[in-house]
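A structural walkthrough
Residues per chain are reported as follows:
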Amino acid sequence: MTVPNALPGTRANLLDLSGRTALVTGAAGGIGSACTLRLAAAGANVRAVDMDAPGLEALAEQAQGLAGAVEPHVLDLTDLDAAERAAAGTDVLVNNAGLQLVRPIEEFPPDVFHTVLTVMLEAPFRLIRGALPHMYGQGWGRIVNVSSVHGLRASAFKSAYVAAKHGLEGLSKTAALEGAPHGVTSNCVNPAYVRTPLVERQLTDQAQAHGIPEERVLTEVLLQDSAVKRLIEPEEVAEAVAYLCGPHASFVTGTSLVLDGGWTAH
């Protein structure tokens, strides 16, 4: 028996998203930027969603000459109705946007907790909700949720982020079960610490929370549980996202693709 659209010895295993529409949140930098460029290189027309208008414009310029195109879409994901509308008609949805604050629970601002859960869990739900009618209608769709090793493990002082990522894991699995009869897959990608502005911005907070100098945070906190002692590059995460969109991954759904340098091997 052969796998549809993935015949051995052909070019079918190469990612070709020509004619497909993708949406990537948090697209103006880091993982989101890398995912946007990777999907556009595969021929997709990518709706690049972010609050950073100048960053989106720079991204669109960077995408010039790729097989696909990048369409900047300035959007605050706390506007949940607008987020759901933005996802209509998409074939590939990459829920990537995130934010972080490092504080002990008793000092964690409730309003920030609410915002983190809104952007990183409720907005993905609404985006999936907006994308599914089109995906179901055509019998094909790919949902990739950029989770984290913190969707599988907890760390101190990250209550909102860990709660949101754990919730995203459950949402992704539910979407996988519901989407399977319609040709729609849903998966998480779970990197450890990635070389992004989000990680760089938490160095000071981590130093204060752990009571150590900032220069020791990388080795003693961020990379402590990783067997591979380096940060992951955004492009490596983007390749994992691309893999899950390809025909060879049509049987991969409801799971988490872990890129954690051995963190969860402990």
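What this report covers is the structure whose coordinates are included nearby. (Residues numbered from 1 in each chain as written. Predicted model: local features only at pLDDT ≥ 70, side-chain atom pairs only at ≥ 80, totals over all residues. Heavy atoms only, no water.)

1. Focus on the overall build of the protein chain
Note the following rule: For the purposes of this entry, the term helix denotes a DSSP run of H or I that reaches at least four residues, the term strand denotes a run of E that reaches at least two, and both are numbered from the N terminus. When we talk radius of gyration, it's over C-alpha atoms, and the globule rule is simply 2.2 Å times the number of residues to the 0.38. Summary of the burial criterion: residues with accessible area below 20% of their type's maximum are buried, those above 50% are exposed, and those between are partly exposed, where the area comes from a 1.4 Å probe applied to protein chains only. Residues are treated as being in contact if the distance between any of their heavy atoms lies within 4.5 Å. Here the accessible surface of atoms and residues is derived via Shrake-Rupley with a 1.4 Å probe, and residues count as covered only by protein chains that are part of the display. For the charge count, each Lys or Arg is scored as positive and each Asp or Glu as negative, with His and the chain ends excluded. By convention, the point assigned to a charge is CZ for Arg, NZ for Lys, CD for Glu and CG for Asp.
Regarding its fold elements, the protein chain presents 9 helices and 7 strands. The C-alpha radius of gyration computed for the protein chain amounts to 18 Å, which stays within 12% of the reference 18 Å derived for 266 residues, consistent with globular compactness. Its C-alpha atoms put the protein chain at 55 × 40 × 35 Å along the principal axes. With 266 residues in all, the protein chain has 50% of them scored as buried. Across the protein chain, every contact between residues at least 6 apart in sequence was considered, and the portion connecting residues at least 24 apart equals 72%. With an accessible surface of roughly 12100 Å², the protein chain has 55% of that area assigned to carbon and sulfur atoms. Here the protein chain holds 18 positive side-chain charges and 28 negative ones, and the gap between their average locations is 6 Å.

2. Describing the sheet that holds strand E4 (residues 92-95)
Operational definition: Two strands make a pair as long as DSSP finds a minimum of two bridges between them. Between N-to-C directions, angles cover 0 to 180 degrees, with each direction set by a line fitted to C-alpha atoms, over the stretch in contact for helices.
Strand order in the open sheet formed by 7 strands is E3-E2-E1-E4-E5-E6-E7, and the pairing between neighbours is parallel. Every interior strand has two partners, whereas the edge strands, strand E3 (69-74) and strand E7 (256-259), have only one. When the angles between neighbouring strand axes are averaged without regard to direction, this sheet yields 15 degrees. Set on the sheet, helix H1 (residues 30-41) makes contact with strand E1 (21-25), strand E2 (45-50), E3, E4 and strand E5 (141-146); between it and E1 the angle comes to about 170 degrees. Across the face of the sheet, helix H5 (residues 159-179) comes into contact with E5, strand E6 (184-191) and E7 while running at roughly 155 degrees to E6.

3. Quick word on the packing of aromatic side chains
Let me state the cut-off plainly: Stacked, tilted and edge-to-face are the three classes assigned to paired rings of Phe, Tyr and Trp, where Trp is represented by its six-membered ring and a pair needs centres within 6.5 Å; plane angles under 30 degrees give stacked, over 60 edge-to-face, the rest tilted. As a reminder, the over-ring test applies to NZ of lysine and CZ of arginine, requiring each to be within 6 Å of the ring centre and within 35 degrees of the ring normal.
As enumerated under the stated definition, the model contains 2 aromatic pairs in all. Plain terms: the ring middles of Phe108 and Phe113 are 6.2 Å apart, the flat faces sit at 85 degrees to each other, and that makes the pair edge-to-face. Classification of Phe108 as buried rests on a relative accessible area of 9%. When its relative accessible area of 31% is taken as the criterion, Phe113 is described as partly exposed. Of note, Arg20 hangs over the ring of Trp140, and the distance from its end group to the ring centre comes to 3.9 Å.

4. Remarks on the packing of helix H4 (residues 110-138) against H5
Heads up, the condition is: Roughly parallel refers to an angle under 35 degrees, roughly antiparallel to one over 145, roughly perpendicular to one between 65 and 115, and oblique to any angle outside these ranges. Crossing chirality is assigned from the near helix's rotation relative to the far helix, an anticlockwise turn below a right angle marking it left-handed and a clockwise turn marking it right-handed. Three classes are used: nonpolar for Ala, Val, Leu, Ile, Met, Phe, Trp, Tyr, Cys and Pro, charged for Asp, Glu, Lys and Arg, and polar for all others, with Gly counted as polar.
Running from amino to carboxyl end, H4 crosses H5 at an angle of 15 degrees, the nearest separation of the two axes being 8 Å. In terms of orientation, H4 lies roughly parallel with respect to H5. You can see that H4 and H5 cross each other, and the crossing is right-handed. Within the contact between the two elements, H4 uses Phe113, Val116, Leu117, Met120, Leu121, Pro124, Phe125, Ile128 and Tyr136 and H5 uses Ser159, Ala160, Tyr161, Ala163, Ala164, Lys165, Gly167, Leu168, Leu171, Glu178 and Gly179. Residue classes in the contact of H4 with H5 are distributed as 15 nonpolar, 3 polar and 2 charged.

5. Points about the nonpolar core
Worth spelling out the cut-off: What we call a nonpolar core is a set of buried Ala, Val, Leu, Ile, Met, Phe, Trp, Tyr and Cys residues that are connected through their side-chain atoms within 4.5 Å.
One finds Leu17, Leu39, Val92 and Val94 to be the most contacted residues of the largest nonpolar core, which totals 47 residues. Those elements that place two or more of their residues in this core are E1, H1, E2, helix H2 (53-62), E4, E5, helix H8 (217-222) and helix H9 (234-245). Other than its neighbours up to four places away in sequence, Val94 contacts Leu23, Val24, Thr25, Leu39, Val144, Val146 and Val241.

6. Comments concerning H2
In plain terms, the rule: Relevant arc is that of directions from the helix axis to the C-beta atoms, nothing else. The term polar contact refers here to a pair of N or O atoms within 3.5 Å; inside protein, the definition further demands a hydrogen-donor-capable atom paired with an acceptor-capable atom, and it admits residues adjacent in sequence only when both atoms are side-chain atoms.
All buried positions along H2 are accounted for by Gly55, Leu56, Leu59 and Ala60. Projected down its long axis, H2 carries its buried residues within an arc of 140 degrees, all on one side. With respect to the buried face of H2, the exposed residues turned more than 90 degrees away are Pro54 and Glu61. In this structure, the buried side of H2 is in contact with H1, E2 and E3. At the N-terminal boundary of H2, the capping side chain belongs to Asp52, with an oxygen 2.9 Å from the backbone nitrogen of Gly55.

7. Overview of the pattern of salt bridges
Definition in use: Salt bridge, as used here: a side-chain nitrogen of Lys or Arg that lies within 4 Å of a carboxyl oxygen of Asp or Glu.
What the rule picks out here adds up to 7 salt bridges. The partner of Arg126 in a salt bridge is Asp81, and the shortest N-O contact between them spans 2.4 Å. Separated by 45 residues along the polypeptide, Arg126 in helix H4 and Asp81 in helix H3 (residues 80-86) bring together distant segments of the chain. The partly exposed category is assigned to Asp81, whose relative accessible area is 45%. With its nearest N and O atoms 3.6 Å apart, the salt bridge here joins Lys173 to Glu169. Residue Lys173 and its partner Glu169 are both found in helix H5; the two are separated by 4 residues, about one turn of the helix. By sharing partners, the salt bridges in this structure join Asp81, Glu84, Arg126 and Arg129 into a single network.

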